[in-house]
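Structural overview
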Amino acid sequence: MDAGTLATSFHVWQYRQHFIFKELREKNMTVQCVLCKPKIRMLSTSKNSTSNLKKHLERKHATMYLKLPKGQMDGPNGSPTESPKEPRYKKSKLENLINQMTSQPKVNTLVFNFMVENVQSLSVLEQPAFRKLIEGLSGGKMSMTRNTFINGIMIAYSKMKEELKEQLDSVQSVCTTADIWSAHNRSYIGMTCHWIEKNELERKSAALACARIRGSHTFDTIAAKIHEIHLAYNIENKLQATVTDNGSNFVKVFKEFSKGDNENYEDDIVEFQDVGTILDGADEAMHLFLLPHQRCASHALNLIASHDLAQVLSQGENAQVYCSAMAKCFAIWNSAHQSPLAISAVEDIEKMKLTAPCVSRWISEYSAVEKMVSLPETKLMDVCDSFGVPRLLSYEIAFLKEYINVFKPLAFALELFQGEQCFLGLVIPTVLTLKKKLCEKKTLALYLFDVINPVLEAIDSRFKQLFASLEAKMATATTPQFRLWWLPEAEREDMHLMLVAEATRLETTDGAPIGSDNVQSEDEFFSFGPGTGNSDTEEEVRRYLEGTSKNLSCLKYFQRVRKLFLKFNAILPSSALVERLFSHNGNILTPKRNGLTDDQFEQVLLLRYNSKICTLDKLFPE
């Protein structure tokens, strides 16, 4: 048999093997396997059995053997002689599995998470379409009611608070941020807590409160709220600092009640008050002792850019150019915000969207100007024409481009300070680098030459307290990226000794309490001459300062320095994270949702913010 005949024969065999098997089962026969070349195999079959032939084909010709499901046989004309049997599933187990996956508590938990994480209005739970959707997806289970959701908020909040307190109990050093937010005739004080995870050295954050403040935002009311929140989470003894903006109410809070002496207020004056008035309020204020205050570095930079810089520009030699150029830019932004037709015209010109900058955030104004001057000059003229704004002149465009180029380091520093993984140890090197880059820009500046020096003076003035802060210096020295390289040579030895002293103090504090078993000998008591002091600590600090690695992972080889890093860099340089807490508020506290009580509003907000560090499973019992 030639190859073509063999292939044809096997093709027919593939599609009719079930029919041949049926014929073979009816009689005793001996068949030849033509696939076994060069030697043809002889295979015998017995009545009602073709197992020999099947086994041979499966073993020797598995790649060519077409195996049909058991019991599926066709007759000579292709009609089915036996219907295929359905798989024998245990339907009861399958149904039980579906019921477990879509049990009522499970449905309630999923709906609860959806409502909290997506900031949904309570009215969603009562919408017929939503209830039908849940019933259809869950196999007939009901969506939770408004009352069930509100009860779930209370349960979830209590669980979240306990989990958060357990996490904070295991942390050595934390810092908090505080700010005040008002909307719909209500005022709230928000507070967040931040610490560094000791193994991965990553920043962790949690929201502590968004409590209602009634009445005026006086310094004593704010101080009482901050102290109350610290006590609620048992963090008053591990708190390193509280970070706020430079608002006068917060400044006065820490001026009056702070236990630290790191605040150098320039407006300190002697005030004479009535003794009786002081004694009457002494009992109320006796328990209010707050830890040191850390002013927000990003807020300070924003004030330099939005207030100090703007004031210098509006009064300098190029004030007319600055005012004219910015007036035209603001006219374009306002038109883009108000006119849909103008927006469509801009999108047709350059396929870009112009957005009006936020008045209180200089970085948004900088980004908006940068987007404007990135356009080719011809298309920028077309944008002005489409908005009906006088065209920007060539020298105005040149001024704006220089403005973007000169103050790019300032914009970079602002973005850096607002990052969640930013440490206090980055602030001093960032400010020093900013000053250096601004000085370099001065040599090439045409319009802004006389503006840079006043900006440098504003930086020195607003960051004077930070550069005098021992905490900020220790945070920078324990950051491997900087060590002592940022300090002048004459100051490095003193900083070295401070590191050794603080590391020794921490080691003593973490050790066993002083008792009868720890009485010092005379040699240990006196610290004069060679061989005195903690040589292990000194050696470790020396090796750390001589190292060159800039990665935080190198601190695993310097455990004493690592403890210092965890302590001093727990402080955030910015209060931006508490402002992000308030960004969630705008989605929750709206005119259609202000029916929430103050406690319910706070609980929903904190559950949403803390969803990454606290689990919300098993809220509803089976």
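Going by the structure above, here's the rest.
Predicted model, so just to flag it, every value in this text is computed and none were measured.

Analysis parameters
- Residues numbered from 1 in each chain as written.
- Predicted model: local features only at pLDDT ≥ 70, side-chain atom pairs only at ≥ 80, totals over all residues.
- Heavy atoms only, no water.
- Helix = DSSP H or I, 4+ residues; strand = E, 2+ residues; numbered from the N terminus.
- Areas by Shrake-Rupley, 256 points an atom, 1.4 Å probe, with all protein chains shown as cover.
- Core = buried A, V, L, I, M, F, W, Y, C linked by side-chain atoms within 4.5 Å.
- Buried < 20%, exposed > 50% of the residue type's maximum accessible area, 1.4 Å probe, protein only.
- Contact = heavy atoms within 4.5 Å.
- Expected span 1.5 Å × (residues − 1).
- Lys, Arg positive; Asp, Glu negative; His and termini not counted.
- Salt bridge = Lys/Arg side-chain N within 4 Å of Asp/Glu carboxyl O.
- Polar contact = N/O pair within 3.5 Å; in protein donor to acceptor, adjacent residues only side chain to side chain.
- Pairing = 2+ DSSP bridges.
- Axes fitted to C-alpha atoms, helices over the stretch in contact; angles between N-to-C directions.
- Phe/Tyr/Trp six-rings, centres within 6.5 Å; stacked < 30°, edge-to-face > 60°.

**Some details on the overall build of the protein**
The helix and strand inventory of the protein stands at 27 helices and seven strands. Carbon and sulfur atoms provide 53% of the accessible area of the protein, an area that totals close to 34900 Å².

**Observations regarding the nonpolar core**
Across soluble globular proteins, nonpolar side chains show a tendency to be buried alongside one another. If you look at the biggest cluster of nonpolar residues, it comprises 153 residues, and the most contacted ones within it are Trp362, Phe407, Leu448 and Phe463. Top contributing element to this core by residue count: helix H12 (residues 319-338), with eight residues. If we skip the residues at most four places from it in the chain, phenylalanine 463 touches Ala297, Ala300, Leu301, Ile304, Val427 and Val431.

**Examining helix H14 (residues 362-373)**
Between its first and last C-alpha, H14 extends 17 Å over twelve residues, near the 16 Å set by a 1.5 Å rise per residue. Burial runs high along H14: nine of the twelve residues are buried. Tucked into the core, H14 has its buried residues touching helix H11 (297-315), H12, helix H15 (377-387), helix H16 (394-406) and helix H17 (408-417).

**Concerning the side chain of arginine 483**
Position of arginine 483 among the secondary structure elements: in the loop between helix H21 (470-477) and helix H22 (489-510). For the buried arginine 483, no salt bridge exists, and the shortest N-O distance to an oppositely charged side chain is 9.3 Å, to glutamate 546. A polar side-chain atom of arginine 483 sits 3.3 Å from the main-chain carbonyl oxygen of proline 480.

**Focus on the sheet that holds strand S5 (residues 203-213)**
Strands sit in the order S5-S4-S3-S6-S7 across an open sheet of five strands; the sheet is mixed. Across the chains shown, the open sheet's two edge strands, defined by having one partner strand only, are S5 and strand S7 (293-295). Put simply, the sheet's adjacent strands are angled 25° from each other on average, direction ignored. Note: strand S3 (residues 174-183) against strand S6 (residues 239-244), three bridges, orientation parallel. Among the inter-strand pairings, valine 174 is bridged to a residue of S6, identified as leucine 239. In the packing of helix H27 (residues 598-609) onto the sheet, contacts are made with S3, strand S4 (186-196) and S5, and the angle to S5 comes to roughly 170°.

**Some remarks on unusual backbone geometry**
Although it is not a glycine, leucine 201 sits at a positive phi angle of roughly 55°. Among the structural elements, leucine 201 can be located in the loop between S4 and S5. Classification of leucine 201 as buried rests on a relative accessible area of 6%.

**Side note on the pairing of S5**
Moving residue by residue along a regular strand, the side chains alternate between the two faces of the sheet. With nine of eleven residues buried, S5 is to be regarded as a mostly interior element. Relative to S5, S4 runs antiparallel, the two being bridged by ten bridges. Within S5, the residue paired with tryptophan 195 across the bridge is lysine 204. Between S4 and S5, which pair antiparallel in sequence order, lie six residues; one of them, leucine 201, sits at a positive phi of approximately 55°.

**Let's talk about helix H6 (residues 146-169)**
Between its terminal C-alpha atoms H6 stretches 35 Å, which fits the 34 Å expected from 24 residues at 1.5 Å a residue. Turning to H6, its buried residues number three or more, namely Phe149, Ile150, Gly152, Ile153, Ala156, Tyr157, Met160, Leu164 and Leu168. Looking at the buried positions of H6, the neighbouring elements they touch are helix H4 (104-117), S3, S4, S5 and H27.

**Re the packing of aromatic side chains**
In this structure the tally under the stated criterion is eleven aromatic pairs. A ring pair is formed by phenylalanine 114 and phenylalanine 130, whose centres lie 5.9 Å apart and whose planes are at 15°; its orientation type is stacked. Of this pair, phenylalanine 114 sits in helix H4 while phenylalanine 130 sits in helix H5 (residues 128-137); the two residues are 16 residues apart in sequence, bridging distant segments of the chain. A relative accessible area of 11% places phenylalanine 130 in the buried class. A ring pair is formed by tryptophan 181 and tyrosine 188, whose centres lie 6.1 Å apart and whose planes are at 35°; its orientation type is tilted. The rings of Trp181, Tyr188 and Phe601 are connected pair by pair, giving a single aromatic cluster.

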